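Results of the structural survey
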Amino acid sequence: ICTFMQQGFTVSIQGKYNGQGPGAGAGVGLESEIFALRGTCSQFRESCLAKSNEKCKGEQSFLQIIKDSQQQHGLRHGDYQRYRGYCSRRLRRLRKTLGFKMGNRHKFTGKKVTEDMLTDNRFLLLVLMEAERAWSYAMQLKQEANTEPRKRFHLLARLRKAAKHGEQLERLCESRRVDAKTKLEAQAYTAYLVGMVQFELQAWKSAMEAFNKCKTIYEKLASAFTEEQAVLYHQRVEEISPNIRYCAYNIGDQNAINDLMQMRLRGGGMMAEKLEALITQTRAKQAATMSEVEWRGRTVPVKIDKARIFLLGLADNEAAIAQAASEETKERLYETLLAECRDTIQAVREEIKADSKQRERAVDGEATKISNLQYLHSYLTYIKLWTVVKRNESMAHVLQAKLKEPQMDENKRGPRPQDLIRLYDIILQSLAELCTLQGLEDDHTFQKEVSLKMLVYKAYRCFFIAQSYVLVKKWSEALVLYERVLKYAREVQSKAKNLNNSLKDLPDVQELITEVNAEKYSLQAAAILDAIETPQQMQVKDNKPLCERLENFSLDPTILGKQPNLVQFPPEFQPIPCKPLFFDLALNHVAFPPLDDKVEQKGKGGLTGYIKGIFGFGS
């Protein structure tokens, strides 16, 4: 028996042995068969290698694989832990399928993917998934490092591990069995991971070089394919651009922060969150130079880092809101600003609680004066409340524009005046809270400004309440409310003369007065027409057919329709007189005349007649 082992394939030859010793003839025959089989096996091995090379030279889009896996397994919602678990499970499946086991259950034996193993492109996926698993673990630790700073050391270790796997993938892709596109994608992926490591180490120059290399490769790949295939590469370039601009800012480019702000206006979803984090880091460095803030004629020192960062970016946030192209972007920026403001107010409250014991020890003369922290808290609360006012006012403008548009779909519920009333209620509630801010009770100018603003928004709220009454045809109530709107508006105009620039940020009152006067005339005309008999009142309110109401004029739109109500069909049953029945009661008392003379008399026939009767001759 002779056995050949070539490339995992077994070929066996069994020579027949007929119970004789291995003679010369038998040995020569077996040897010749072995030599012939060697030639066949060598040809078979070459053909297998050629097929494996062709198989491995197929296109392997690493970026497409990564993006599909990330979107389907958690990263759409920023869940890096779920994606990490998916990478671990896929690694286990790949190792089991390829027979690439790391030892057994008792002992670990490390293995590395080599170039000789690239007969199957799944070995490249093995290295790619190892890099993705390390990267996702690093991103998970980055989220947790906000509350546990010690995890940052573990984060850096996992990023270095991911970059190491990326470099191994790049070396493997240098093989002649890998096509040019896969080589370029491996280089870009490795450059991205190296850039992330340098970015976390704050080596801005090295990080910028790595990101620029990654960006250049993806741009070249995008230009080499069709638009549909290039979309993925362009998305990757957009993800890398904020990191490049942030590195440029840290190197010394002062215009980079403006570029980041413009990117935030265009971005959305996870991209917007990433830009927010970069902008916050940029402001944290600028906040070191900020030490105080002035408001309402009083300078307050700012010692809390979170408050410094927030106040430093306040003007930029307001400018971004003003430049927002769409209402969705503006709403998102308002929500971001309010969230930052709430976090800053919470940080100041904690400082106030810690400082309360020291304030209790103050002398009586100083105890009556509000502390700097409390005044800073009032300032931040003012920013929050005024932002709420501006946000609701922006939403009210959008609803007003939709309210004036003709509604195309009757089945779809459109905006109503009641929606605007709710928004102005929230605005008035926020303005009422402004009047109670600590440290501003004696500021009469501030109180007058807030009262003036409340009058303006009361006028608008009253206007939309009147609009809601108009819809239900309550003319008298709506007319009274319009008069109240004019009263508020004239009061605002009279008080605004004493306050400079008090109406600069408020809606135009004169425009409201003009609109109310026009609505009043329309309302009066509608009330007069409603008082007299109008065609609308003469419309048919019952289901009588036309033939039953010919004496009365009334409008019936159904007459011109497909099923006019002309007559009632089928008609109803009507009572009619029945046919009389006659009963003959005199019949028993009537004497009829005799009829004997008219009846034929039978004669007497005798024997002859009898015989004829028997034989039927007489019939």
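These remarks concern the structure in this document. (Residues numbered from 1 in each chain as written. Predicted model: local features only at pLDDT ≥ 70, side-chain atom pairs only at ≥ 80, totals over all residues. Heavy atoms only, no water.)

A few points about the overall build of the chain
For the chain, the helix and strand inventory stands at 19 helices and four strands. Looking at the chain residue by residue over its 619 residues, the buried ones come to 38%. As displayed, the chain offers around 39800 Å² of accessible surface, 52% of which is attributable to carbon and sulfur atoms. (Helix = DSSP H or I, 4+ residues; strand = E, 2+ residues; numbered from the N terminus. Buried < 20%, exposed > 50% of the residue type's maximum accessible area, 1.4 Å probe, protein only. Areas by Shrake-Rupley, 256 points an atom, 1.4 Å probe, with all protein chains shown as cover.)

What about the side chain of Lys330?
Among the structural elements, Lys330 can be located in helix H12 (residues 327–360). Notably, Lys330 is buried but unbridged: the nearest opposite-charge side chain belongs to Glu327, and the N-O separation is 4.2 Å. The contact partners of Lys330, leaving out residues within four places of it in the chain, are Ile321, Ala324 and Ser394. (Lys, Arg positive; Asp, Glu negative; His and termini not counted. Salt bridge = Lys/Arg side-chain N within 4 Å of Asp/Glu carboxyl O. Contact = heavy atoms within 4.5 Å.)

A word on the environment of Arg160
Within the element layout of this structure, Arg160 appears in helix H5 (residues 151–172). Given a relative accessible area of 43%, Arg160 falls into the partly exposed group. Sequence separation between Arg160 and Leu193 is 33 residues, and the spatial gap between their C-alpha atoms is 8.3 Å. Those residues in contact with Arg160, other than ones at most four positions away along the chain, are Val197 and Leu201.

Here's the deal with helix H8 (residues 227–251)
Taking 1.5 Å per residue, 25 residues should reach 36 Å; H8 reaches 35 Å between its end C-alpha atoms and fits that length. Most pronounced at Ile240, the bend in H8 amounts to some 30°, and the proline Pro242 follows within four residues. Just past H8, the residue Gly252 takes up positive phi, approximately 145°. (Expected span 1.5 Å × (residues − 1). Bend = angle between axes of the 7 residues up to and from the residue.)

Describing a positive patch on the surface
Together, Arg82, Arg89, Arg92 and Arg93 make up a positively charged patch on the protein surface. Summarising the element assignment, Arg92 is placed in helix H3 (residues 80–98). Classification of Arg92 by relative accessible area gives exposed; the value is 55%. (Patch = residues over 30% accessible without salt bridge, like charges linked within 9 Å, V, L, I, M, F, W, Y side chains within 5 Å. Charge placed at Lys NZ, Arg CZ, Asp CG, Glu CD.)

Let's talk about the packing of aromatic side chains
Tallied over the entire structure, the rule returns 20 aromatic pairs. Note on Phe100 and Phe123: the rings are 5.9 Å apart at their centroids and 85° apart in plane angle, and the pair reads as edge-to-face. Of this pair, Phe100 sits in the loop between H3 and helix H4 (122–144) while Phe123 sits in helix H4, and the two are 23 residues apart along the sequence. Considered together, Phe100 and Phe123 belong to a single accessibility category, that of buried residues. Centroid distance Tyr424 to Phe464: 5.9 Å. Interplanar angle 15°. Geometry classified as stacked. (Phe/Tyr/Trp six-rings, centres within 6.5 Å; stacked < 30°, edge-to-face > 60°.)

Considering the pattern of salt bridges
The full count for this structure, using the stated rule, is 16 salt bridges. A salt bridge links Glu449 to Arg296; the nearest nitrogen and oxygen atoms lie 3.6 Å apart. One end of the pair, Glu449, is in helix H16 (residues 444–471); the other, Arg296, is in the loop between strand S3 (292–295) and strand S4 (298–301), and 153 residues separate them in sequence. Its relative accessible area of 33% is what places Arg296 among the partly exposed residues. With a closest N to O distance of 3.3 Å, Lys495 and Glu491 form a salt bridge.

So, the packing of helix H17 (residues 475–496) against helix H18 (residues 509–531)
Put simply, H17 and H18 touch, their axes get as near as 10 Å, and they point 160° apart. With respect to their mutual orientation, H17 and H18 come out roughly antiparallel. Of the two possible hands of crossing, H17 and H18 adopt the one that is left-handed. Class assignment of the residues belonging to the contact of H17 with H18 gives a composition of 15 nonpolar, four polar and four charged. (Axes fitted to C-alpha atoms, helices over the stretch in contact; angles between N-to-C directions. Parallel < 35°, antiparallel > 145°, perpendicular 65-115°, else oblique. Left-handed = near helix turned anticlockwise from the far one by under 90°. Nonpolar A, V, L, I, M, F, W, Y, C, P; charged D, E, K, R; others polar.)

Considering unusual backbone geometry
Here the residue pair Phe569 and Pro570 is connected by a cis peptide bond, since its omega of -5° sits within 30 degrees of zero. On the secondary structure map, Pro570 appears in the loop between H18 and helix H19 (606–615).

Examining the nonpolar core
One finds Leu311, Leu376, Ile383 and Leu431 to be the most contacted residues of the largest nonpolar core, which totals 71 residues. Counting residues per element, the ones that place at least two in this core are S3, helix H11 (305–323), H12, helix H14 (372–404), helix H15 (417–434), H16, H17 and H18. Considering each element in turn, this core owes the most residues, 14 residues, to H16. Formed by 64 residues, the second largest nonpolar core is a distinct cluster that contains Leu63, Phe123, Ala207 and Cys214. (Core = buried A, V, L, I, M, F, W, Y, C linked by side-chain atoms within 4.5 Å.)

Considerations on the environment of Glu200
Among the structural elements, Glu200 can be located in helix H6 (residues 180–200). According to the relative accessible area criterion, Glu200 is buried, its value standing at 6%. Sequence separation between Glu200 and Leu159 is 41 residues; the distance between their C-alpha atoms is 8.9 Å. Setting aside chain neighbours within four positions, we find Glu200 in contact with Lys142, Arg152, Leu155, Leu156 and Leu159. At 2.8 Å, the side chain of Glu200 forms a polar contact with the side chain of Lys142. (Polar contact = N/O pair within 3.5 Å; in protein donor to acceptor, adjacent residues only side chain to side chain.)

A look at a nonpolar patch on the surface
The grouping of Leu566, Val567 and Phe569 at the surface amounts to a nonpolar patch, some 350 Å² of accessible area in total. Tracing the chain through its elements places Phe569 in the loop between H18 and H19.

Function cannot be inferred from these measures alone, as they are strictly geometric.
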